[in-house]
Amino acid sequence: MKQRGTFSIRRLALVGMMAAMVFALTYVGIDIPTGLGKTKIHFGNIMCLLSAFLLGPVGGGLAAGVGSALFDLMDPMWAPECWITFLNKFVMAFVAGGVMRKASFLAPRVRVWTAALCGSLSYSILYLGKNVLESLYVKGFTWQVTQVEVLATKAPVTLFNGVVAVICAALLYTALTPALRKAHVLPA
């Protein structure tokens with residue numbers, strides 16, 4: 001009998017597989033240099049949300065956090081912040097997975113879109129908030145420079161990544177659900 005809250009070998013393998021997909025799709029993208037660093041258009045957030053839908057809040061959070069943190073470790077500019085990325089992406093998937101699990105009063109398709117939007121918004125707020133705080137209190141920039149760095153360069157890319165993630169993850173999950181239920185990956 002499986003204890004509640006434990007990971008089976010199969011579930012652990014699914015978390016690892018989804019973490020690898022998060023890593024791979026974060027790698028696929030376009031680096032955008034800015035005057036004060038860089039940002040990136042990528043597709044990893046799609047897999048972060050899909051992980052949440054498939055594995056729930058904790059499993060999805062682990063897959064999203066581990067895959068994204070491993071990607072950060074591959075880039076010297078982002079490596080020191082890999083732990084922050086882990087937390088931010090974990091929260092993104094945890095929120096999306098929690099909404100999927102708890103909002104059963106919504107129609108299934110509405111629930112998927114709502115969960116994707118909530119997860120993506122939570123990540124965007126955390127990421128942009130971290131960048132504002134870092135710009136002001138770590139780098140010592142003025143509010144005017146912070147506005148240019150964060151609001152003019154990072155916010156549009158973050159929002160673009162978020163919108164693409166919501167649309168693609170919701171459509172992918174909706175398209176894959178029948179096959180995943182048939183393969184007993186999702187409950188019937």
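The coordinates are above.
Residues numbered from 1 in each chain as written. Predicted model: local features only at pLDDT ≥ 70, side-chain atom pairs only at ≥ 80, totals over all residues. Heavy atoms only, no water.

> Just checking my understanding: could you explain a nonpolar patch on the surface for this structure?
Among the surface-exposed residues, Phe-7, Leu-12, Val-58 and Phe-94 lie close enough to one another that they form a single nonpolar patch of about 350 Å² accessible area. For Phe-94, the position within the fold is in helix H3 (residues 82–102). (Patch = residues over 30% accessible without salt bridge, like charges linked within 9 Å, V, L, I, M, F, W, Y side chains within 5 Å. Areas by Shrake-Rupley, 256 points an atom, 1.4 Å probe, with all protein chains shown as cover. Salt bridge = Lys/Arg side-chain N within 4 Å of Asp/Glu carboxyl O. Helix = DSSP H or I, 4+ residues; strand = E, 2+ residues; numbered from the N terminus.)

> For this particular structure, what's the right way to read the packing of aromatic side chains?
The description of an aromatic ring pair rests on the distance of the ring centres and on the angle between the ring planes. By the definition in use, this model includes seven aromatic pairs. Here the aromatic rings of Tyr-27 and Phe-71 are separated by 6.4 Å at their centres, their planes lie at 75 degrees, and the arrangement is edge-to-face. You can see Tyr-27 sitting in helix H1 (residues 9–27) and its partner Phe-71 sitting in helix H2 (residues 44–73), a full 44 residues away along the chain. Owing to a relative accessible area of 7%, Phe-71 belongs among the buried residues under this scheme. (Phe/Tyr/Trp six-rings, centres within 6.5 Å; stacked < 30°, edge-to-face > 60°. Buried < 20%, exposed > 50% of the residue type's maximum accessible area, 1.4 Å probe, protein only.)

> In this structure, what is going on with the pattern of salt bridges? I would like to understand it.
Working definition: two side chains of opposite charge can pair if their charged atoms are close together. Applying the stated criterion across every chain, the model contains four salt bridges. With its nearest N and O atoms 2.9 Å apart, the salt bridge here joins Glu-149 to Lys-139. Taken together, the positions of Glu-149 in helix H5 (residues 143–182) and Lys-139 in the loop between helix H4 (108–138) and H5 put the pair 10 residues apart, joining distant regions of the chain. Several salt bridges share partner residues, and in doing so they unite Glu-81, Lys-130 and Glu-134 into one network.

> Looking at this structure, I do not really get the environment of Val-58. What am I missing?
Mapped onto the fold, Val-58 is located in helix H2. When its relative accessible area of 42% is taken as the criterion, Val-58 is described as partly exposed. Distance from Val-58 to Val-15, taken between C-alpha atoms, is 9.7 Å for residues 43 residues apart in sequence. Discounting residues that sit within four places of it in the chain, Val-58 has contacts with Phe-7, Phe-90 and Phe-94. (Contact = heavy atoms within 4.5 Å.)

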